[in-house]
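For reference, the chains in residue letters:
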Amino acid sequence: MNKPIFKYAAGCSENITISALTDTESSSIMGVDLKELPEIHSVSCRILSKTFYGMGVINQNNGIEFVNHDLQETVTLSSSGITFIRLKKECRSKRLCVFYDMKDYLAYQILQKNGFVRLPSDCDFIIMSDVKYFIHISIEGDDYETVYLYFPNDVIGMTITLTLKDRYGGHAVVCNPLYKGYTNLLQFVKAIEITTNNK
């Protein structure tokens, strides 16, 4: 298993370039046009004399949750923090989907667009990015009627899921049985994609 060299890149802001996704770039992932998601930006970052290209979302501390195919994981550039994405800027939705990292948020969007599995819609989104933001996530969820939990099927993910389920009670919907047998939602989406392409 390839592990990234770092989880947080403490680079200077002049080493990071953010721009809108354009037609000339590879702005599609598994058949979903990322230009339809206004929160996703094209990002390039120079780290240790190498430039990485990918996509990212800006978190609450003006850091970037960055996904790059070379790194195989989401990396936080600059300041870490949760990413809060509202369905409508002027008001909160009644439902919230909570993800551990940006890749699972993208996997959710892929499933929504392709219609492989019926998922909740009309939701606000939170990307946790690190376990140290658990308390923040648990407080944010208190303001919603329903909270959908999309955490990995590992010890950390299951612990977070059970703790939030206890906190929210009947308002929490545990979604990881959907991708039981897979590490996370992204692995499930990749498996569906392979199965679909082989038919």
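Note: the structure precedes this text.
Only a predicted model underlies this, so the values are computations on that prediction, with no experimental measurement involved. (Residues numbered from 1 in each chain as written. Predicted model: local features only at pLDDT ≥ 70, side-chain atom pairs only at ≥ 80, totals over all residues. Heavy atoms only, no water.)

Caption draft 1: Geometry of helix H1 (residues 102-114). An ideal rise of 1.5 Å per residue puts 18 Å on 13 residues; H1 measures up with 18 Å between its terminal C-alpha atoms. Within H1, ten of the 13 residues are buried, leaving the element largely enclosed by the surrounding structure. Residues of H1 that are buried include every one of Met 102, Lys 103, Asp 104, Tyr 105, Leu 106, Ala 107, Tyr 108, Gln 109, Ile 110 and Leu 111, and no others. The opening residue of H1, the one whose side-chain oxygen lies 3.3 Å from the backbone nitrogen of Lys 103, is Asp 101. Looking one or two places after H1, you find Gly 115, whose phi comes out positive at around 70°. (Helix = DSSP H or I, 4+ residues; strand = E, 2+ residues; numbered from the N terminus. Expected span 1.5 Å × (residues − 1). Buried < 20%, exposed > 50% of the residue type's maximum accessible area, 1.4 Å probe, protein only. Polar contact = N/O pair within 3.5 Å; in protein donor to acceptor, adjacent residues only side chain to side chain.)

Caption draft 2: Spotlight on the pattern of salt bridges. Under the criterion given, the structure shown has three salt bridges. Taking the shortest distance from any N to any O, the salt bridge between Glu 140 and Arg 92 comes out at 3.4 Å. Separated by 48 residues along the polypeptide, Glu 140 in helix H2 (residues 134-140) and Arg 92 in the loop between strand E9 (83-85) and strand E10 (95-99) bring together distant segments of the chain. Judged by its relative accessible area of 32%, Arg 92 is partly exposed. For Asp 143, the salt bridge goes to Arg 92, with nearest N and O atoms at 3.8 Å. Placement of the pair is Asp 143 in the loop between H2 and strand E12 (146-150) and Arg 92 in the loop between E9 and E10, with a sequence separation of 51 residues. A cluster of three or more residues bridged by salt bridges with shared partners is formed by Arg 92, Glu 140 and Asp 143. (Salt bridge = Lys/Arg side-chain N within 4 Å of Asp/Glu carboxyl O.)

Caption draft 3: The arrangement of the environment of Ser 44 in detail. Mapped onto the elements of the fold, Ser 44 is located in strand E5 (residues 41-47). With eleven residues separating them along the chain, Ser 44 and Met 55 place their C-alpha atoms 8.0 Å apart.

Caption draft 4: Quick peek at the pairing of E5. Counting buried positions along E5 yields five of seven residues, so the element is predominantly enclosed. In this structure, E5 lies alongside strand E6 (residues 50-58), joined through seven bridges in antiparallel fashion. Along E6, the bridge assignment pairs Val 43 with Gly 54. Between E5 and E6, which follow one another and run antiparallel, lie two residues, and Leu 48 among them has a positive phi close to 50°. (Pairing = 2+ DSSP bridges.)

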